[in-house]
Amino acid sequence: MTANNQNTQIADLSQYGSGSYLASDVTVLLDIVDKDAIADVPVHQKEALIQSGQRHYSDMLTLEDAPSVMHEQLYIEALEQGKVRAATDIANLAYTLQQIFQLNVNNERPLILVSLVRAGLPIGVLLQRALVDANSSYALPSVHYGISIIRDRGLDPVALQMILSRHSHSPIVFVDGWTGKGAIYKELARSLEAFADPNHFNFANIFHQGKGAIPLLTLADPAGVAWLAASEEDWLIPSGLLNSTVSGLISRSLYTEPKLGLHRSVFYDNLIEADHSLAFIDCIDTTRRTLSTPLQGLPTYKQPRYQTADLIETLAADYAISNRNRIKPTIAEATRAILRRDPECILLASAEHPDTVLLRHLCAQRHIPIRVLGDKILPYQAITLIKQRGADE
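All values derive from a computational prediction rather than experimental measurement.

For the peptide bond that leads from Val117 to Arg118, omega is 10 degrees, which places it in the cis range. With an omega of 15 degrees, the peptide bond running from Leu378 to Pro379 counts as cis. Tracing the backbone through its elements, the reader meets Pro379 in the loop between β12 (370-372) and β13 (382-386). Residues other than glycine seldom take positive phi values, yet Asp152 does so here, at roughly 80 degrees. Relative to the assigned elements, Asp152 resides in the loop between β4 (142-150) and β5 (154-155). The backbone of Ala320 sits at a positive phi, close to 50 degrees, despite the residue not being glycine. Mapped onto the secondary structure, Ala320 falls in the loop between α9 (309-318) and β10 (327-329).

This is the structure in C-alpha cells:
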C-alpha cells in the first residue's frame, strides 16, 4: 500500500459510526444498511436453510423485537446482581493490560482494542473507558474499534487492514465477551495466519505476545482459549442476556465478499426506546470508579488449553450431534440461542441456580424441555442444544 493510500484510509475511518455508543467509546467498522432492505427470515426457516447447507447463517437475519417486560426485568436484576463483579473484572483486566503494555505504547502508538461484534462490544467499551480514565492507576493510551467475525468465514479482512493501515506501529488486542466452545478463537487464529510470518510487516501488531500467541481477551473463558481473561467461570454476565439493546443497537453481522467492502449490519433505530447500551456502560463504569478492592494482575496464556473440548465431544456423542455448531454452551450463549435460534432442549448444571432464572423463564414460556445434569456439564452452568432440522421443514 502506498503512503497516499494509507493517508486516504486513515481519513476514511472518521466516517464510521459507533452504533448507540458515544463516538469516544468505539468506532464500529461495519457497513450499516437499511433494515428494510434485509429479508426478515423466520427462525424455523433459517434453521432449515443453515442445517441443510443451502445458506450460511451470515447470509440471513431474523430481525429483533424489543425484549418482553419480564425479560427486561430479569436483565435489570442480573445487572444489579453482577455489576460489582463485572466492574472488578474490568478493572483487573485494564490493570493487567497496563502492566503488560505501559512501556510499549504512548499517545502516538496507542494500544488498539478490537472488539468482536457483537458480544465483545460492551466489554471493549468498558475497557476503553477504564484505560482512558486519567484518575485511575492503570490509565493507558488506547483506541477502540469494533469489527465483524463470522464462523467459517473469518475476521473481516477489510476492517482489519483499515486498522493496521492507520495504526501500523501499535499492538492489537482482540476483545470478546466470553468463550463457549472456543470456535471464535479458532476462527480468529485462522484469520490471523496470514500475519504469522515474522517477516510480515504487521507481524508485531498481532503477535506481540510471541509467535502463534493469539491476543484474545475475554471477560469469561470457560473454554480455556483466551490469552487473557478475568475468570474461567460461566457466570451471569449481564450483557449476555440481551442482544442489540445492550450492543449499541447493532445487529449480528452479515457477510460481504472482501472485494465488495466491509461486512454489513443493521442499526435497529426502532429499538431506541428499549436500548440499554449506554446505561449498561455507565452503570458498570460508575461502579468501577467506586471500587476499593486491591487490583489483581491476571495470568496470561500463550497457547489455548481447550479445557472443555472433551465435554463437548461427550455431549455430541450422547445426543447424536454431528454438527458441533448445534451445541451452545455458557449461560450467555444458551440464552442468545433461545432468543434467535430453534432449541431442542436446555441442559443445566443446577435446577435452581440464580444465574439461570431468565433461561428457565424463557424455556417455560416456549415449552422447551430442561434437563438437569449436575456436575456432568461443569464448568458450564447451561447449554442449549439446537434442534436438528431438514431443508423441507
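And the narrative resumes.
Residues three or four positions apart in an α-helix share a direction because the helix packs 3.6 residues into each turn. Those residues of α9 lying buried are Leu311, Ile312, Leu315 and Ala316. Summarising the axial view, the buried residues of α9 lie within an arc of 135 degrees, below the 170-degree limit, and thus occupy one face. Within α9, the exposed residues directed more than 90 degrees away from the buried face are Asp310 and Ala317. Lining the buried residues of α9 we find β10, β11 (343-348) and β13. Directly after α9, the chain includes Ala320, whose backbone phi takes a positive value near 50 degrees.

Secondary-structure assignment places Thr293 in the loop between α8 (277-289) and α9. By relative accessible area, which is 47% here, Thr293 ends up partly exposed. Spatially, the C-alpha atom of Thr293 lies 8.1 Å from that of Thr88, the residues being 205 residues apart in sequence.

The next point concerns the side chain of Ser142. Within the secondary structure layout, Ser142 lies in strand β4. We classify Ser142 as buried; its relative accessible area is 9%. Side chain to side chain, Ser142 and Gln128 meet in a polar contact 2.7 Å long. For Ser142, the contacting residues outside a window of four places in its chain are Pro110, Leu111, Gln128, Leu131 and Val132.

Here we take up the packing of helix α3 (residues 69-101) against helix α4 (residues 120-131). Interaxial distance between α3 and α4 falls to 9 Å at its minimum, and their mutual angle equals 60 degrees. With respect to α4, the element α3 is oriented oblique. Seen from above, α3 lies across α4 with right-handed handedness. In this structure, α3 contributes Ile90, Leu93, Ala94 and Leu97 to the contact, and α4 contributes Ile123, Leu126, Leu127, Ala130 and Leu131. Across the contact of α3 with α4, the residue classes tally to nine nonpolar, no polar and no charged.

A few words now on the packing of aromatic side chains. Applying the stated criterion across every chain, the model contains three aromatic pairs. When the ring of Phe101 is compared with that of Trp227, the centres are 6.3 Å apart and the planes differ by 65 degrees; the resulting orientation is edge-to-face. Note that Phe101 is positioned in helix α3 and Trp227 in the loop between β7 (216-220) and β8 (228-231), a separation of 126 residues in sequence. Here the aromatic rings of Tyr185 and Tyr306 are separated by 6.3 Å at their centres, their planes lie at 75 degrees, and the arrangement is edge-to-face. Linking Tyr185 in helix α6 (residues 183-191) with Tyr306 in the loop between α8 and α9, this pair joins segments that are 121 residues apart in sequence. Assessed through its relative accessible area of 30%, Tyr306 is described here as partly exposed. If you follow Arg305 out to its NZ or CZ, it ends over the ring of Tyr301, 3.8 Å from the centre.

Under the definition given, this model contains 20 salt bridges. Here Arg289 ties to Asp133 by a salt bridge, and the two come within 3.5 Å at their closest N and O atoms. Of this pair, Arg289 sits in helix α8 while Asp133 sits in the loop between α4 and β4, placing them 156 residues apart in sequence. Its relative accessible area of 47% is what places Arg289 among the partly exposed residues.

In spatial order, the strands read β10-β13-β11-β12; together these four strands make up an open sheet with mixed pairing. For this open sheet the edge positions go to β10 and β12, each flanked by a neighbour on one side alone. The mean inter-strand angle of the sheet, taken between neighbouring strand axes irrespective of direction, is 20 degrees.

For Arg326, the position within the fold is in the loop between α9 and β10. Judged by its relative accessible area of 6%, Arg326 falls in the buried class. Along the sequence, Arg326 and Leu219 sit 107 residues apart, while their C-alpha atoms lie 23 Å from each other. In this structure Arg326 touches Gln51, Ala320, Ile321, Glu344, Thr384, Leu385, Ile386, Lys387 and Gln388, once residues within four positions along its chain are discounted.

Rules of the game
- Residues numbered from 1 in each chain as written.
- Predicted model: local features only at pLDDT ≥ 70, side-chain atom pairs only at ≥ 80, totals over all residues.
- Heavy atoms only, no water.
- Helix = DSSP H or I, 4+ residues; strand = E, 2+ residues; numbered from the N terminus.
- Buried < 20%, exposed > 50% of the residue type's maximum accessible area, 1.4 Å probe, protein only.
- Arc of directions from axis to C-beta.
- Contact = heavy atoms within 4.5 Å.
- Polar contact = N/O pair within 3.5 Å; in protein donor to acceptor, adjacent residues only side chain to side chain.
- Axes fitted to C-alpha atoms, helices over the stretch in contact; angles between N-to-C directions.
- Parallel < 35°, antiparallel > 145°, perpendicular 65-115°, else oblique.
- Left-handed = near helix turned anticlockwise from the far one by under 90°.
- Nonpolar A, V, L, I, M, F, W, Y, C, P; charged D, E, K, R; others polar.
- Phe/Tyr/Trp six-rings, centres within 6.5 Å; stacked < 30°, edge-to-face > 60°.
- Lys NZ or Arg CZ within 6 Å of the ring centre and 35° of its normal.
- Salt bridge = Lys/Arg side-chain N within 4 Å of Asp/Glu carboxyl O.
- Pairing = 2+ DSSP bridges.

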